[in-house]
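# A structural walkthrough
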There are 2 protein chains.
Amino acid sequence: MANTDSVRIRVFSLNCWGIRVLSKQCGQRYTMIGDMLCKEEHDIVLLQEVWSEKDFLFLKKKLSCSHPHSSYFKSGVIGSGLALFSKHRIHDTFLYRFSLNGYPYMAHHGDWFGGKAVGMAVVNIRGLTAHVYVTHLHAEYCREKDSYLPHRVVQAWELQKFVRHTSVGADLVILGGDLNMHPQDLGTRLLRSYTGLRDSYVETEKFDGCEGGVTLIADNPFTNKKELIPFETGIRIDYILFKGSSKVDLHCDSMVTTKGSIPDHPFPYSDHEALTSELRLEQHAAQETRKDQHYDDKDTNAARVAELVDIVTEARTEVKVGLHCAERMRFTATRTGIMGLALLILELAIAAVPWLALGAEQPFPLTSFYLLAALCFAILLTTFMLYIFYTMELKSLQGAEDQMRLAVGSLQENLRGFPLAQPQDSQRKPPEGLSAVSAVEPEE
Amino acid sequence: MANTDSVRIRVFSLNCWGIRVLSKQCGQRYTMIGDMLCKEEHDIVLLQEVWSEKDFLFLKKKLSCSHPHSSYFKSGVIGSGLALFSKHRIHDTFLYRFSLNGYPYMAHHGDWFGGKAVGMAVVNIRGLTAHVYVTHLHAEYCREKDSYLPHRVVQAWELQKFVRHTSVGADLVILGGDLNMHPQDLGTRLLRSYTGLRDSYVETEKFDGCEGGVTLIADNPFTNKKELIPFETGIRIDYILFKGSSKVDLHCDSMVTTKGSIPDHPFPYSDHEALTSELRLEQHAAQETRKDQHYDDKDTNAARVAELVDIVTEARTEVKVGLHCAERMRFTATRTGIMGLALLILELAIAAVPWLALGAEQPFPLTSFYLLAALCFAILLTTFMLYIFYTMELKSLQGAEDQMRLAVGSLQENLRGFPLAQPQDSQRKPPEGLSAVSAVEPEE
């Protein structure tokens with residue numbers, strides 16, 4: 001493997017906790033973040049929870065010299081909160097909105113209004129095409145009884161699909177953001193195994209940060225300590241992932257995270273810790289690399305596919321739990337709606353029958369009559385909208401489950417005898433029809 | 001160019017008009033469609049408006065021998081209506097839901113409930129990886145005053161983005177469906193120019209069908225003749241598009257459409273005509289092809305990019321019209337909501353003030369009081385939901401406009417001096433950072 005060139009790129013990721021009014025010291029923190037980014041001049045800056053476009057525009061103005069290229073990904077009611085700044089030219093962007101993202105009536109959680117998504121930018125880094133992804137998945141509010149788990153698993157499923165299908169032509173792939181999943185959580189395994197993306201924290205040669213790479217820590221004055229129980233030291237839910245290609249080898253030389261406080265500042269940048277990874281790119285001649293690796297890795301591929309089958313099966317089970325739950329909720333909505341309708345009919349009958357049969361005397365006070373009718377209409381309208389919403393949720397869950405079933409079938413067929421990789425033309429694309437397992441072949 | 005192999009694949013596309021109860025002879029038509037597909041044994045069958053999953057399952061059972069592989073794409077409230085049947089193994093599927101798709105309160109049009117999308121399947125056709133797309137865009141109900149035009153343009157924009165970014169690794173690309181756009185409409189030009197997809201009807205050597213390739217014709221007993229005015233002979237809105245790759249040349253040898261009636265049957269398959277394209281694949285050695293073409297096409301590339309700049313600029317203008325319209329609608333909703341709130345406050349004041357100041361006597365009848373209060377609440381709830389909906393619409397339109405602005409900038413920069421194609425490594429991926437114009441390089 002001939003290293004003809006070596007280039008270093010620095011990637012930064014931070015969940016900015018940018019809810020105007022509600023987030024503490026929001027304005028001051030954006031000023032601090034802007035100053036730091038301006039000074040540090042990372043190649044790629046991936047931000048999440050930049051909920052206000054004004055804050056994005058503030059940063060854009062502040063970083064106009066250090067990071068002349070940027071993208072703000074708009075989605076949902078208040079935006080996806082995703083922003084990307086780059087020292088290098090952005091040639092194209094694309095946004096994929098996750099099909100499931102919580103419930104609109106859970107307004108205090110607010111995720112639904114954020115329109116969670118994954119944003120992609122095609123960036124030209126010194127002659128190489130980098131596909132850079134920034135994402136933010138649905139939050140986990142209660143680990144023991146996580147009613148959003150099926151949604152987050154479907155988000156992770158869609159995320160891996162999107163990354164896998166849109167990164168085929170890339171020389172290098174970088175994904176950063178707040179996944180709201182621990183390193184060993186189902187969604188993280190799904191994403192990493194399917195895409196072949198490598199974790200900066202795991203791969204780095206030098207690490208300077210909190211123990212275990214945690215990014216939501218008790219030492220941060222902005223974090224809610226209760227939410228971290230039982231993980232007293234903190235949890236790792238923010239990531240910078242990467243992979244190379246047949247043209248480029250990618251290594252993580254060092255990784256740094258903040259530790260809950262910033263020197264010379266009264267408070268940190270956010271309630272999450274900031275991540276910085278230094279990646280080293282080694283370009284090499286395209287022809288000579290892959291063949292050796294192909295034969296080296298052939299033996300381990302079967303094990304990888306088998307592991308992937310297990311992970312997808314686990315994800316499918318989780319989606320089925322979600323399906324069951326959504327069906328139950330839709331049934332409850334339907335039943336309540338029918339009860340509302342029955343009540344309305346009963347009321348109308350009581351009001352109408354004496355008038356028809358016995359005379360004009362009203363059987364119960366007009367006030368109660370109108371209040372009850374208004375209540376019935378409110379029930380009917382609410383349950384109708386809930387029915388619509390749950391039906392859409394069901395469709396998305398069913399769609400994901402169908403895709404997972406197909407994926408498991410395809411993987412199992414590969415296990416049964418299809419060759420897992422083919423020497424010819426395996427550099428840019430999956431071998432014939434095996435794109436479902438393309439990522440289980442090591443990309444570098 | 002050495003043709004080492006020649007393979008023929010037949011692709012079928014039909015908008016099935018499958019609204020149970022509402023569509024005429026729905027059941028009989030599905031039986032006819034199933035019989036025909038079973039007999040014809042097309043390689044790829046792309047169906048739209050298969051609204052009921054039961055009908056999909058009916059076809060799936062009927063086609064279990066001829067087309068053992070299938071995918072039904074679930075989305076929205078009643079599904080995307082998209083179905084795909086294949087003689088060849090499907091290894092992976094993916095669905096992209098368009099961010100804009102009409103309005104939920106336009107229930108009589110129903111598009112919003114359908115969750116319009118583009119479905120993708122990775123199909124292995126005789127050792128080649130085919131990326132097959134099936135799609136259905138928002139209907140056009142009034143060409144003169146088409147309030148859905150900005151939505152359809154954004155759908156076409158997202159469609160080209162999705163196809164372009166997910167088809168990099170494909171040996172051949174096939175897209176079929178009901179685009180609800182005429183051949184020279186903005187969205188069709190956007191899709192074709194950006195992706196490099198070629199139109200079967202334009203490219204075919206032999207054509208047997210209605211004049212002009214029209215697929216919605218007055219001769220069809222199911223079509224609404226009034227909707228076709230002023231296009232008396234009919235309109236062409238259903239397409240089969242295709243493109244090859246550096247590995248495969250693709251030609252359309254023949255194309256056939258139905259002509260409003262089916263021999264030996266009392267009525268046609270649908271209100272749309274069915275399309276069948278026969279594509280001929282010529283595989284060749286990967287190395288020798290692209291270089292010649294590169295130099296041949298260099299001169300025409302600038303003209304193509306300039307054309308693309310014009311098309312994207314036109315699309316951007318249309319999206320701006322949509323933005324203006326959505327802003328106006330949101331303003332109207334806000335104003336109505338404020339009026340509802342003012343009315344409620346006024347009513348409460350009238351009701352409360354005499355009670356507080358003058359005694360317990362009610363200033364207006366209780367019945368009117370409650371009816372008015374219910375009306376105010378209904379206004380507040382409705383306008384609140386409309387506000388949420390229009391804000392989401394605005395976010396999507398703004399996002400598309402941002403992407404278009406970036407695209408125009410990127411294209412113009414290319415025009416100003418960047419090389420449009422590079423000889424090395426141009427076979428599988430766009431040249432460095434030029435993925436925005438990758439499609440303007442001819443793919444074959």
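Residues numbered from 1 in each chain as written. Chains lettered and ligands numbered in written order. Predicted model: local features only at pLDDT ≥ 70, side-chain atom pairs only at ≥ 80, totals over all residues. Heavy atoms only, no water.

- Where an unreviewed UniProt entry is consulted, chain A appears under the name Sphingomyelin phosphodiesterase 2, with the organism given as Cynoglossus semilaevis.
- UniProt lists a comment for chain A under the heading Sequence similarities (unreviewed entry), and it reads "Belongs to the neutral sphingomyelinase family."
- Quoted verbatim from the Cofactor (unreviewed entry) field of UniProt, the annotation for chain A is "Mg(2+)". (UniProt positions renumbered as here; feature names shortened; annotations may be inferred.)

## Describing the packing of helix α1 (residues 26-40) of chain A against helix α2 (residues 53-62) of chain A
Residue and element names in this part refer to chain A.
- At a closest axis distance of 9 Å, the pairing of α1 and α2 adopts a crossing angle of 30 degrees. Classified by the angle their axes make, α1 and α2 are roughly parallel. Once α1 is placed against α2, the crossing between them reads as right-handed. Between α1, through Y30, T31, I33, G34, D35 and C38, and α2, the contact on the second element is made entirely by D55, F58, L59 and K62.
- Of the residues that constitute the contact of α1 with α2, the class distribution is 5 nonpolar, 2 polar and 3 charged. (Axes fitted to C-alpha atoms, helices over the stretch in contact; angles between N-to-C directions. Helix = DSSP H or I, 4+ residues; strand = E, 2+ residues; numbered from the N terminus. Parallel < 35°, antiparallel > 145°, perpendicular 65-115°, else oblique. Left-handed = near helix turned anticlockwise from the far one by under 90°. Contact = heavy atoms within 4.5 Å. Nonpolar A, V, L, I, M, F, W, Y, C, P; charged D, E, K, R; others polar.)

## Brief notes about the packing of aromatic side chains
- Counted according to the given criterion, the structure contains 39 aromatic pairs over all chains.
- A ring pair is formed by F222 of chain B and F267 of chain B, whose centres lie 5.9 Å apart and whose planes are at 55 degrees; its orientation type is tilted. Pair noted here: F222 of chain B is in the loop between β10 (206-208) and α7 (225-228) and F267 of chain B is in the loop between β12 (248-257) and β13 (275-283), with a separation of 45 residues, a long-range link. This pair shows no difference in class: F222 of chain B is buried, exactly as F267 of chain B is.
- Lying across the ring of F222 of chain A, R29 of chain A places its NZ or CZ 5.3 Å from the centre. (Phe/Tyr/Trp six-rings, centres within 6.5 Å; stacked < 30°, edge-to-face > 60°. Buried < 20%, exposed > 50% of the residue type's maximum accessible area, 1.4 Å probe, protein only. Lys NZ or Arg CZ within 6 Å of the ring centre and 35° of its normal.)

## So, the relation of the copies chain A and chain B
- Taken as rigid bodies, chain A and chain B are interconverted by a rotation of 180 degrees and an axial shift of 0.0 Å, the fit giving an RMSD of 0.1 Å. A rotation of that kind, with that shift, is consistent with a two-fold axis. Minimal C-alpha separation from the rotation axis in chain A is found for T166 of chain A, amounting to 2.4 Å.
- With an isologous cut-off of 70% or more, the 100% of interface residues of chain A that recur at the interface of chain B puts this contact in the isologous class. (Least-squares fit on C-alpha atoms with pLDDT ≥ 70 in both.)

## A look at a nonpolar patch on the surface
- A surface patch of nonpolar side chains, amounting to about 520 Å² of accessible area, comprises L381, F384 and M385 of chain A together with L381, F384 and M385 of chain B.
- Looking at the nonpolar patch, the elements with two or more residues in it are α9 (366-416) of chain A together with α9 (366-416) of chain B.
- Position of M385 of chain A relative to the elements: it lies in helix α9. (Patch = residues over 30% accessible without salt bridge, like charges linked within 9 Å, V, L, I, M, F, W, Y side chains within 5 Å. Areas by Shrake-Rupley, 256 points an atom, 1.4 Å probe, with all protein chains shown as cover. Salt bridge = Lys/Arg side-chain N within 4 Å of Asp/Glu carboxyl O.)

## Description of the packing of helix α4 (residues 149-166) of chain A against α9 of chain A
All names here are of chain A.
- Look at α4 against α9: their axes get within 11 Å of each other, and the N-to-C directions meet at 55 degrees. In terms of orientation, α4 lies oblique with respect to α9. Regarding α4 and α9, the two cross each other, and that crossing is left-handed. Between α4, through P150, H151, V153, V154, W157 and K161, and α9, the contact on the second element is made entirely by E393, L397, A400, Q403, M404 and A407.
- The residue makeup of the contact of α4 with α9, split by class, is 8 nonpolar, 2 polar and 2 charged.

## Some thoughts on the sheet that holds strand β9 (residues 198-199) of chain A
Residue and element names in this part refer to chain A.
- Ordered by their spatial adjacency, 6 strands build an open sheet running β5-β6-β7-β8-β11-β9, and the pairing between neighbours is mixed. Among the strands making up the open sheet, the edge pair consists of β5 (90-97) and β9.
- In terms of strand pairing, strand β7 (residues 128-136) meets strand β8 (residues 172-178) through 7 bridges, oriented parallel. Each residue of the ladder has a partner; that of A130, found in β8, is L172. (Pairing = 2+ DSSP bridges.)

## A word on α1 of chain A
All names here are of chain A.
- Look at α1: 21 Å from first C-alpha to last across 15 residues, which is about the 21 Å you get at 1.5 Å a residue.
- Along α1, the residues that are buried comprise C26, R29, Y30, M32, I33, G34, M36 and L37.
- E41, located one to two residues past α1, shows a positive phi value of around 50 degrees. (Expected span 1.5 Å × (residues − 1).)

## Some details on the environment of S410 of chain A
- Mapped onto the elements of the fold, S410 of chain A is located in helix α9.
- Along the backbone, S410 of chain A and V134 of chain A are 276 residues apart, and their C-alpha atoms lie at a distance of 29 Å.

## Side note on the sheet that holds strand β9 (residues 198-199) of chain B
All names here are of chain B.
- In spatial order, the strands read β5-β6-β7-β8-β11-β9; together these 6 strands make up an open sheet with mixed pairing. The open sheet has two edge strands, β5 (90-97) and β9, and neither has a second partner.
- The sheet contact formed by β5 and strand β6 (residues 117-125) spans 7 bridges and is antiparallel. Among the inter-strand pairings, T93 is bridged to a residue of β6, identified as A121.

## A short note on the pattern of salt bridges
- If you walk through the whole model with that rule in mind, you get 50 salt bridges over all chains.
- Among the ionic pairs, D55 of chain B bridges to R20 of chain B, the shortest N-O distance being 3.0 Å. Highlighted residues: D55 of chain B in helix α2 (residues 53-62) and R20 of chain B in the loop between β1 (5-15) and α1 (26-40), separated in sequence by 35 residues.
- Residue classification places D55 of chain B among the buried positions, given a relative accessible area of 6%.
- Where K247 of chain B meets D171 of chain B, a salt bridge forms, and the shortest distance between an N and an O atom there is 3.8 Å. Placement of the pair is K247 of chain B in the loop between β11 (238-243) and β12 and D171 of chain B in the loop between α4 (149-166) and β8 (172-178), with a sequence separation of 76 residues.
- Through salt bridges with shared partners, one network takes in R8, E205, D253, E278, R280 and E282 of chain A.

## Section: the UniProt feature "domain: Endonuclease/exonuclease/phosphatase" (unreviewed entry) in chain A
- The positions that UniProt labels "domain: Endonuclease/exonuclease/phosphatase" (unreviewed entry) are, in the present scheme, residues 13-272 of chain A.
- With 25% helix and 28% strand, residues 13-272 of chain A has end C-alpha atoms that lie 10 Å from one another.

## What to know about the pairing of strand β13 (residues 275-283) of chain A
Residues and elements named next belong to chain A.
- Of all 9 residues that make up β13, 8 are buried, and the element is covered over most of its length.
- In this structure, strand β12 (residues 248-257) lies alongside β13, joined through 9 bridges in antiparallel fashion. Opposite H251, over in β13, you have R280 as the bridge partner.

## Examining the UniProt feature "transmembrane region" (unreviewed entry) in chain A
- Following the UniProt record, the feature "transmembrane region" (unreviewed entry) maps to residues 338-357 and 369-390 of chain A here.
- The span residues 369-390 of chain A carries 100% helix and 0% strand; its end-to-end C-alpha distance comes to 31 Å.

## Thoughts on the interface of chain A and chain B
- If you look at the interface, chain A gives 61 residues, while chain B gives 62 residues.
- Buried area between chain A and chain B, both sides added, is near 5,600 Å², and the carbon and sulfur share of it is 58%.
- On inspection of chain A and its partner chain B, the count reaches 8 salt bridges.
- Among the salt bridges present, the one from R89 of chain B reaches E413 of chain A, with a minimum N-O distance of 3.0 Å.
- Taken together, chain A and chain B are joined by 16 residue pairs in polar contact (both at pLDDT 80 or more).
- Mapped onto the side of chain A that touches chain B, the elements with two or more residues apiece are β5, α3 (111-114), β6 (117-125), α4 and α9 of chain A.
- No other element matches the 20 residues that α9 of chain A contributes to the side of chain A that touches chain B.
- Looking at the side of chain A that touches chain B residue by residue, the class counts come to 23 nonpolar, 22 polar and 16 charged. (Buried area = accessible area lost by both parts, 1.4 Å probe. Polar contact = N/O pair within 3.5 Å; in protein donor to acceptor, adjacent residues only side chain to side chain.)

## Describing the domain arrangement of chain A
Residue and element names in this part refer to chain A.
- Splitting chain A by domain gives domain 1 (7-294) and domain 2 (300-420).
- Averaged C-alpha coordinates put domain 1 and domain 2 at centres separated by 33 Å.
- Between domain 1 and domain 2, the residue contacts involve 19 residues of the former and 21 residues of the latter.
- Overall, the association of domain 1 and domain 2 removes approximately 1,700 Å² of surface from exposure, summing both partners, and the carbon and sulfur fraction of that is 73%.
- There are 1 salt bridge connecting domain 1 and domain 2.
- Here R189 makes a salt bridge to E314, at a shortest N to O gap of 3.0 Å.
- Connecting domain 1 to domain 2 are 5 residue pairs in polar contact (both at pLDDT 80 or more).
- Among the elements of the structure, α4 and α5 (186-195) are those that each provide at least two residues to the side of domain 1 that touches domain 2.
- No other element matches α4, which puts 7 residues into the side of domain 1 that touches domain 2. (Domains from an automatic or database assignment.)

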